[in-house]
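# Structural characterization, general
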Amino acid sequence: MARTGGDLTKKKILTTAEAIFSEKGYDGTSIQDISAAAGVNKALIYYHFKNKQDIIDSLFKETLKEMFQMQDNPDNHHLEQKHCDPNPLERIPKIISILEKKKKILTVMFMEALKNEHSGSSSLFKCADIIISRNIKEMFPKLKDTNGVAISREELLMHEFFTGFLPIVFFALFKDKWADFFKCDRKEMMSLFTKIFVKSHIQHE
């Protein structure tokens, strides 16, 4: 489907906002900054977005959408569609490659989460909730602990966030710096991380 004028304007605002957030950080960026750089008035920005938080949330949702499109049937790229889980040894590097393109804005997300007193407005937790909730209905009834007791939703959420979501994002953020410091081959690093992640996070589930 062809984009409408409104869609194109919204995309322009998001692209501009991503560049400014990446340069100035969340607190250092204002709606006026985005308005001036995008060449649109503030009223038009508020037509598409509630506030600055809504803009940055939308940026991360776009990144998630790209990740989900990569995992799902390429002919039907909807967030609501049934999850398709290809070989994780192929899937994980693709997810990391997408996240690497967003390193600057991901850094903003983590900085915001660390200093944000109200976790309910944190883009980090919102993104994690979208990713985890996408699979939780399928995973929840099947998972049991070592004693055969069904794992609670709270335990599953914590498990997925701290042993699944965060390691992949951190690897995307620090891979190049790690490779430079320890003089590692990047392709070998990716292969090794993927094997470790699959063994520690996926195979035991």
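All of these numbers come straight from a predicted model, not from anything done at the bench.

## Focus on the environment of Asn41
- Tracing the backbone shows Asn41 in the loop between α2 (31–38) and α3 (42–48).
- Overall, the relative accessible area of 48% leaves Asn41 in the partly exposed class.
- Placed ten residues apart in sequence, Asn41 and Ile31 show a C-alpha to C-alpha distance of 9.6 Å.
- One polar contact links the side chain of Asn41 to the main-chain amide nitrogen of Ala43, over a distance of 3.2 Å.

## Observations regarding unusual backbone geometry
- Positive phi outside glycine occurs at Lys183, with the angle close to 55°.
- When you line up the elements, Lys183 lands in the loop between α8 (153–182) and α9 (186–202).

## Describing the nonpolar core
- Phe21, Ile55 and Phe165 are the most contacted members of the largest nonpolar core, which totals 48 residues.
- Mapped onto this core, the elements with two or more residues apiece are α1 (5–24), α2, α4 (52–71), α5 (88–100), α6 (103–115), α7 (123–139), α8 and α9.
- For this core, the element with the highest residue contribution is α8, accounting for nine residues.
- Those residues in contact with Phe165, other than ones at most four positions away along the chain, are Leu124, Cys127, Ala128, Ile131 and Glu160.

## A few points about α9
- Across its 17 residues, α9 extends 23 Å between first and last C-alpha, which sits within 8% of the 24 Å expected from 1.5 Å per residue.
- For α9, the set of buried residues is Met189, Met190, Phe193, Thr194, Phe197, Val198 and His201. The buried residues of α9 occupy an angular sector of 155° when the element is viewed end-on, so they sit on one face. Away from its buried face by more than 90 degrees, α9 exposes Glu188, Leu192, Lys195 and Lys199.
- Close packing links the buried residues of α9 with α5 and α8.
- Where α9 starts, the residue carrying a side-chain oxygen 3.1 Å from the main-chain nitrogen of Lys187 turns out to be Asp185.

## Some remarks on a nonpolar patch on the surface
- A cluster of nonpolar side chains, namely Trp178, Phe181 and Phe182, defines an oily patch on the protein surface of about 400 Å² accessible area.
- Given a relative accessible area of 63%, Phe181 falls into the exposed group.

## So, the packing of α6 against α8
- As a packed pair, α6 and α8 sit with axes 11 Å apart at the nearest point and diverge in direction by 125°. Considered as vectors, α6 and α8 are oriented oblique to each other. Classified by chirality, the crossing of α8 by α6 is left-handed. Listed contacts from α8 to Lys103, Leu106, Thr107 and Phe110 of α6 are Leu166, Val169, Phe170, Ala172, Leu173 and Asp176.
- Residues that form the contact of α6 with α8 fall into these classes: seven nonpolar, one polar and two charged.

## Brief notes about the packing of aromatic side chains
- For the structure shown, the criterion picks out ten aromatic pairs.
- Ring centres of Phe21 and Tyr26 lie 5.9 Å apart, and the angle between their planes is 15°; on these two criteria the pair is classed as stacked.
- A relative accessible area of 15% means that Tyr26 is categorised as buried.
- Ring centres of Phe161 and Phe162 lie 4.8 Å apart, and the angle between their planes is 90°; on these two criteria the pair is classed as edge-to-face.
- By the ring-pair criterion, three or more aromatic residues cluster together here, those being Phe125, Phe161, Phe162 and Phe165.

Cut-offs applied
Residues numbered from 1 in each chain as written. Predicted model: local features only at pLDDT ≥ 70, side-chain atom pairs only at ≥ 80, totals over all residues. Heavy atoms only, no water. Helix = DSSP H or I, 4+ residues; strand = E, 2+ residues; numbered from the N terminus. Buried < 20%, exposed > 50% of the residue type's maximum accessible area, 1.4 Å probe, protein only. Polar contact = N/O pair within 3.5 Å; in protein donor to acceptor, adjacent residues only side chain to side chain. Core = buried A, V, L, I, M, F, W, Y, C linked by side-chain atoms within 4.5 Å. Contact = heavy atoms within 4.5 Å. Expected span 1.5 Å × (residues − 1). Arc of directions from axis to C-beta. Patch = residues over 30% accessible without salt bridge, like charges linked within 9 Å, V, L, I, M, F, W, Y side chains within 5 Å. Areas by Shrake-Rupley, 256 points an atom, 1.4 Å probe, with all protein chains shown as cover. Salt bridge = Lys/Arg side-chain N within 4 Å of Asp/Glu carboxyl O. Axes fitted to C-alpha atoms, helices over the stretch in contact; angles between N-to-C directions. Parallel < 35°, antiparallel > 145°, perpendicular 65-115°, else oblique. Left-handed = near helix turned anticlockwise from the far one by under 90°. Nonpolar A, V, L, I, M, F, W, Y, C, P; charged D, E, K, R; others polar. Phe/Tyr/Trp six-rings, centres within 6.5 Å; stacked < 30°, edge-to-face > 60°.

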